Amino acid sequence: MFAQVVFPLPFRNSFTYVIPESLSENVKVGVRVVVPFGKRVLTGFVIEITDKTELKEKIKPIRDVLDDEPIFDKNSFKFYEWISEYYLSSLGEALKNSVPYGSDIESKRKIVTDPDHCQELFQKEKKKTTVKAKLLEALTQKEVHKISHLQKVVKNKNIHSLLKSFEKAGIVTILNEIENAKVGIKKVKHVRLAKPIDDVYQSIPEIEKRSPKQVVVLLELITQKEGIALAELLKKIKTNQSAINSLKKKGLVEIYEKEIERVYKEIYTEELKSLILTEDQKKIITRINESILPKSFEAFLIHGVTGSGKTQIYVELTKSVIQQGMSAIILVPEISLTPQITSRFINLFGDSTAVFHSRMSLGERYDTWRGIISGKYKIVIGPRSALFAPLKNIGLIVVDEEHDHSYKQQDIVPKYNARDSAIIRAKFCQCPIILGSATPSIESMYNALNGKYKLLELPDRVDNAKLPQIRLIDISEAKKKKKMEGVFSESLLEEINDRIYKKESVIILQNRRGFATQVFCNDCGEVLICDDCSVSMVYHINKNILQCHYCGIIKTVPKACPTCGSISLKFFGTGTQRVEDELDFYLPNAKIERVDSDTINRKGKLGEILNSFRNGEINILVGTQMVSKGLDFSNVTLVGVISAETTLWIPDFRADERTFQLLTQVSGRSGRSEKEGEVIIQTHNSKNFVLQKVLGNDYKGFYDKEILLREQGEYPPFTRLGLIEIKDEKEDRARAAINEFAAHLKKYEKGLKISPPTEAVVFKIKGNYRFQILIKSSKKKDPSGKLLRNAMLNALIEFNQKTKFKDVKVIIDVDPQSVI
């Protein structure tokens, strides 16, 4: 028998392997196998099994099987095929999303060298700037090297032929070592009685004379009928292992290994509340249940104002699904939203609910994934990666806050959009999908108004709560009237003070991390820019450092301007640290906590903060967009926005939409109970159209204007976009490569609108210069986007075959969320 295997690598064909007789029962479609691949050993996915092959050459055998049960079934496989076809990745790259990181086996090449010998050879090199000289210098640093590290140090990927010549000359040894999976099943030593209790009691008098400690062990084990972890037993009775080893020799106890499941425990907890559904909620639940019970695909868009009870609808519909013996996926955009929604689901559904996100340890993710495959979990909650959970018999998929741009995978291939992909997964599963938001994306609302989705509306808040009163404060005017205290207007400070006095809670939004967003010289005007990125360094006051938020590089704060030597350095712009610092100064008795990616990097930290905030131990929560999403605290009566412009001025076609969504969402955190809420938004441009629509809570008015602008500018939902990006450490190479790619693309321009190659808005990131081509395809002429995808794919194939710039990084993004 032969297996067709695909790998999570950027080529689109499968490879044939012989199935050894010893593994014939284990190899099935949908499992992972360990196979030789060239000189390497890799983990791949079995996608087909046949009893014949047309290959004439010798076929290598499969070495091992990693899974007991298939990871994907026929429906899931069709879904992964769609992902790879639509987002232009290989099938193996798409399937990689179905397994947790760290569970694969592969071989890695290591370079072993004699540093002293390399030092001698380096000294003999006349030109120290050649790739050979740089490589020799790098090899002098230590004995064992990874190829990827050497490529980084030398700043050249083409070092393989040099290393081979070094190996022939005896300078280095190249080893192929198989690296086991980074994570596996955890087993812990346990102890239990090896004989019946009566026999043990008879042995005690004899043992007591010689070793009272052994008697203590036996008496403890008599109370532990199921056995006990060895480490726990030793700690409990305060003894060492020799007593247990002696009892093992006597045949009275046995030591065995037991599998331990690593379960992620959410720190944040809420009490289970009995809620009375509104008439609008009941109507929506009844309507969607019509698609759950016969199990048919239908896409619903729930447009409900903030605090209208969308989460409770998800809960009630999940009850229906579980009662029918089916499972559900609940997607949330950010990890920050998981504590509250997870707590509510666990309160109702208990241990059948699994959380799946990147803050979990490798072991927790692996054990949760195995629990999903085994059928232990019926509900999976998490950000975009949870869409790929290997649940069986899915009866409902929910995409909460469907407008959120974090549903788009920006970092690795395939660059999928979880919201759009969830609709396709629901289609293959023949189940309903719910997209929920108070500020639906322009594309989703357009689809709903045109009948592609069913629009369901929740116009009122639950519990008779009123939408908050919103005020815009023009800080240009406030400055003229000397009514500003640092970054705060006097009005905002007064309102915060009033809420603290009333023992109510406050949320303050500033969508920038750090203390000052720029450091510049007052004499020569020089702004301190990151060496590797074309963005300004951000000042972090707590560590007194400058940090780039694109590449993470850290520098000490200079005492003088590095350009002119002046000591007149100014710190400009406002981040969350500055807001927290000023609040501390103006309100010394208030308890303030900051929520951004700098503060919640420790596991469980966010849950602790939210618990304290709910209990009134924290008065003010200061944060980035994390505090704008999904947080539901009845005691919050004031939301302050320090600067409405942080997203408005970004040169991107979605900037207005993002600003409207962010400000409306954060406003919705206020007044979610009988206490009335207020929102104060500070701005330099209070007459701006977007801010006026936020002020009136007018989603329809915003949508009507934005949809006209999108149509005029030929942007989604009227067109499909494709973005080609080429980057390299050398600007001229990246520029030449993008021009070459554009020439290949020109052959396929019929029916498409292709922009000329341009520098990216952020021209340099992590030492790479970035150039882009934007392609537009009208949905009237190309409804499925096939014309667009074929053009990008064919141009990529031709470019890879003919280019001399083999090392440049080419990124293809279908339906980009941003063109920055």
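None of these values were measured; they are calculated from a predicted model.

**Quick notes on the overall build of the protein chain**
The secondary structure content of the protein chain amounts to 25 helices and 36 strands. The C-alpha radius of gyration computed for the protein chain amounts to 30 Å, which stays within 12% of the reference 28 Å derived for 820 residues, consistent with globular compactness. When its C-alpha atoms are laid out on the principal axes, the protein chain stretches across 90 × 75 × 65 Å. Looking at the 820 residues of the protein chain, the share that counts as buried comes to 54%. Taking contacts inside the protein chain between residues at least 6 apart in sequence as the whole, the part at least 24 apart equals 75%. When the accessible area of the protein chain is evaluated, it comes to approximately 38,900 Å², of which 49% is carbon and sulfur surface. Taken together, the 127 basic and 105 acidic charged side chains of the protein chain have centroids lying 4 Å from each other.

**Remarks on the environment of Val 810**
Along the chain, Val 810 falls in strand 36 (residues 809-814). Residue Val 810 is classed as partly exposed on the basis of its relative accessible area, which comes to 22%. Spatially, the C-alpha atom of Val 810 lies 9.6 Å from that of Phe 741, the residues being 69 residues apart in sequence. If near-sequence neighbours (up to four positions away) are discounted, Val 810 is found in contact with Glu 725, Ile 726, Phe 741, Leu 796 and Phe 799.

**A short note on the sheet that holds strand 13 (residues 327-331)**
Overall, parallel pairing links the 7 strands, which are arranged 14-15-13-16-17-12-18 in an open sheet. Either end of the sheet is taken by a strand with one partner, and the two such strands are strand 14 (353-355) and strand 18 (454-458). Within this sheet the neighbouring strands show an average axis-to-axis angle of 15°, counted without direction. In the packing of helix 15 (residues 418-429) onto the sheet, contacts are made with strand 13, strand 16 (394-400) and strand 17 (432-437), and the angle to strand 16 comes to roughly 165°.

**Quick look at the environment of Glu 676**
As for its placement among the helices and strands, Glu 676 is situated in the loop between helix 21 (655-667) and strand 31 (678-683). For the pair Glu 676 and Glu 402, spaced 274 residues apart in sequence, the C-alpha separation works out to 27 Å. Beyond its immediate stretch of four places on either side in the chain, Glu 676 contacts Thr 637 and Gly 671.

**Some points on the pairing of strand 15 (residues 379-382)**
Across a regular strand the side chains alternate sides, sitting on one face of the sheet and then on the other. Burial along strand 15 is two-sided: the face carrying Ile 379 and Ile 381 and the face carrying Val 380 and Gly 382 are both buried. As paired strands, strand 13 and strand 15 are joined by 4 bridges and run parallel to one another. Bridge pairing links Ala 328 to Ile 379 in strand 15. The sheet contact formed by strand 14 and strand 15 spans 3 bridges and is parallel.

**With respect to the pattern of salt bridges**
Opposite charge on two side chains makes pairing possible when the charged atoms of those side chains draw close. Considering all chains together, one arrives at 48 salt bridges under this definition. The salt bridge partner of Asp 498 is Lys 502, with a shortest N-O separation of 3.2 Å. Overall, the relative accessible area of 46% leaves Lys 502 in the partly exposed class. With a shortest N-O distance of 2.8 Å, Arg 594 and Glu 580 are connected by a salt bridge. Taken as a pair, Arg 594 in strand 28 (residues 592-595) and Glu 580 in helix 19 (residues 576-586) lie far apart in primary sequence, 14 residues in all.

**A short note on the layout of surface pockets**
Taken as a whole, the second largest pocket holds about 1,200 Å³ of empty space. Glu 270, Lys 273, Leu 275, Arg 344 and Asp 632 are, among the 48 residues lining the second largest pocket, the residues nearest its centre. Elements that contribute at least two residues to the lining of the second largest pocket include exactly helix 12 (310-323), helix 13 (338-349) and helix 20 (605-614). In terms of residue count, helix 12 provides more of the lining of the second largest pocket than any other element does, 6 residues in total. Class assignment for the residues of the lining of the second largest pocket results in 15 nonpolar, 17 polar and 16 charged.

**Some points on the side chain of Asp 400**
With respect to the secondary-structure elements, Asp 400 resides in strand 16. The buried charged residue Asp 400 lacks any salt bridge, with Lys 310 as its nearest oppositely charged partner at 6.1 Å. Looking at Asp 400, its side chain comes within polar contact range of the side chain of Tyr 314, at 2.9 Å. Dropping the residues within four chain positions of it, Asp 400 is found in contact with Tyr 314, Leu 331, Val 332, Pro 333, Ile 341, Tyr 407 and Gly 436.

**Description of the packing of aromatic side chains**
In total, this model carries 31 aromatic pairs according to the counting rule given. Arranged with centres 6.4 Å apart and planes meeting at 80°, the rings of Phe 7 and Tyr 17 form a pair that is edge-to-face. Of the two residues, Phe 7 sits in the loop between strand 1 (2-6) and strand 2 (15-18) while Tyr 17 sits in strand 2, which places them 10 residues apart along the sequence. Exposure remark for Tyr 17: the relative accessible area of 4% places this residue in the buried category.

**Quick look at the pairing of strand 1**
Of all the 5 residues making up strand 1, 5 are buried; the element is thus mostly covered by neighbouring parts of the structure. Here strand 1 shows two buried faces, one formed by Phe 2, Gln 4 and Val 6 and the other by Ala 3 and Val 5. Sheet topology places strand 1 next to strand 4 (residues 40-50); 5 bridges connect them, and they run antiparallel. Bridge assignment links Val 5 to a residue of strand 4, and that residue is Val 46. Examined bridge by bridge, strand 1 and strand 2 share 4 bridges and lie antiparallel to one another. Each residue of the ladder has a partner; that of Val 5, found in strand 2, is Phe 15.

**Quick notes on a positive patch on the surface**
Among the surface-exposed residues, Lys 39, Arg 40, Arg 109, Lys 164 and Lys 168 lie close enough to one another that they form a single positively charged patch. Mapped onto the elements, Arg 109 comes out in strand 6 (residues 106-113). Residue class for Arg 109 comes out partly exposed when judged on its relative accessible area of 34%.

**Side note on the nonpolar core**
In a soluble, globular protein the nonpolar side chains are often hidden away together inside. Residues Leu 331, Ile 433, Leu 621, Ile 681 and Phe 741 are the most contacted members of the largest nonpolar core, which totals 114 residues. With 7 residues, helix 25 (residues 786-802) is the single largest residue contributor to this core. Those residues in contact with Ile 433 that sit more than four places away from it in its chain are Phe 297, Glu 298, Ala 299, Phe 300, Ile 397, Val 399, Ala 422, Ile 423 and Ala 426.

**Considerations on the state of the cysteines**
Overall, the coordinates contain 0 disulfides when judged by the stated rule. Between Cys 521, a cysteine without a disulfide, and Cys 564, which holds the nearest cysteine sulfur, the sulfur-to-sulfur distance is 3.7 Å. Classification of Cys 521 as buried rests on a relative accessible area of 1%.

**Here's the deal with a negative patch on the surface**
A grouping of Asp 114, Asp 116, Glu 120 and Glu 143 is seen on the molecular surface, where their side chains present a negatively charged patch. Here Glu 143 is to be found in the loop between helix 4 (131-139) and strand 7 (144-146). With relative accessibility at 52%, the residue Glu 143 sits in the exposed group.

**Some words on a nonpolar patch on the surface**
A cluster of nonpolar side chains, contributed by Ile 197, Tyr 201 and Leu 219, occupies part of the molecular surface with about 260 Å² of accessible area. Structurally, Ile 197 can be placed in helix 7 (residues 197-210).

**Regarding the packing of helix 4 against helix 5 (residues 147-154)**
Packing of helix 4 against helix 5 leaves a shortest axis separation of 9 Å and a crossing angle of 125°. Classified by the interaxial angle, the pair formed by helix 4 and helix 5 is oblique. As helix 4 runs across helix 5, the sense of the crossing is right-handed. Residues Val 131, Lys 134, Leu 135, Ala 138 and Leu 139 of helix 4 lie in contact with helix 5, whose contacting residues are Leu 150, Val 153 and Val 154. A class-by-class count of the residues in the contact of helix 4 with helix 5 yields 7 nonpolar, no polar and 1 charged.

Conventions and cut-offs
- Residues numbered from 1 in each chain as written.
- Predicted model: local features only at pLDDT ≥ 70, side-chain atom pairs only at ≥ 80, totals over all residues.
- Heavy atoms only, no water.
- Helix = DSSP H or I, 4+ residues; strand = E, 2+ residues; numbered from the N terminus.
- Rg over C-alpha atoms; globule rule 2.2 N^0.38 Å.
- Buried < 20%, exposed > 50% of the residue type's maximum accessible area, 1.4 Å probe, protein only.
- Contact = heavy atoms within 4.5 Å.
- Areas by Shrake-Rupley, 256 points an atom, 1.4 Å probe, with all protein chains shown as cover.
- Lys, Arg positive; Asp, Glu negative; His and termini not counted.
- Charge placed at Lys NZ, Arg CZ, Asp CG, Glu CD.
- Pairing = 2+ DSSP bridges.
- Axes fitted to C-alpha atoms, helices over the stretch in contact; angles between N-to-C directions.
- Salt bridge = Lys/Arg side-chain N within 4 Å of Asp/Glu carboxyl O.
- 1 Å grid on protein atoms, 1.4 Å probe; cavity = no way out; pocket = protein on both sides within 12 Å on 5 of 7 lines; lining within 4 Å.
- Points joined across faces, edges and corners; volume = space filled by probe spheres on them.
- Nonpolar A, V, L, I, M, F, W, Y, C, P; charged D, E, K, R; others polar.
- Polar contact = N/O pair within 3.5 Å; in protein donor to acceptor, adjacent residues only side chain to side chain.
- Phe/Tyr/Trp six-rings, centres within 6.5 Å; stacked < 30°, edge-to-face > 60°.
- Patch = residues over 30% accessible without salt bridge, like charges linked within 9 Å, V, L, I, M, F, W, Y side chains within 5 Å.
- Core = buried A, V, L, I, M, F, W, Y, C linked by side-chain atoms within 4.5 Å.
- Disulfide = S-S within 2.5 Å.
- Parallel < 35°, antiparallel > 145°, perpendicular 65-115°, else oblique.
- Left-handed = near helix turned anticlockwise from the far one by under 90°.

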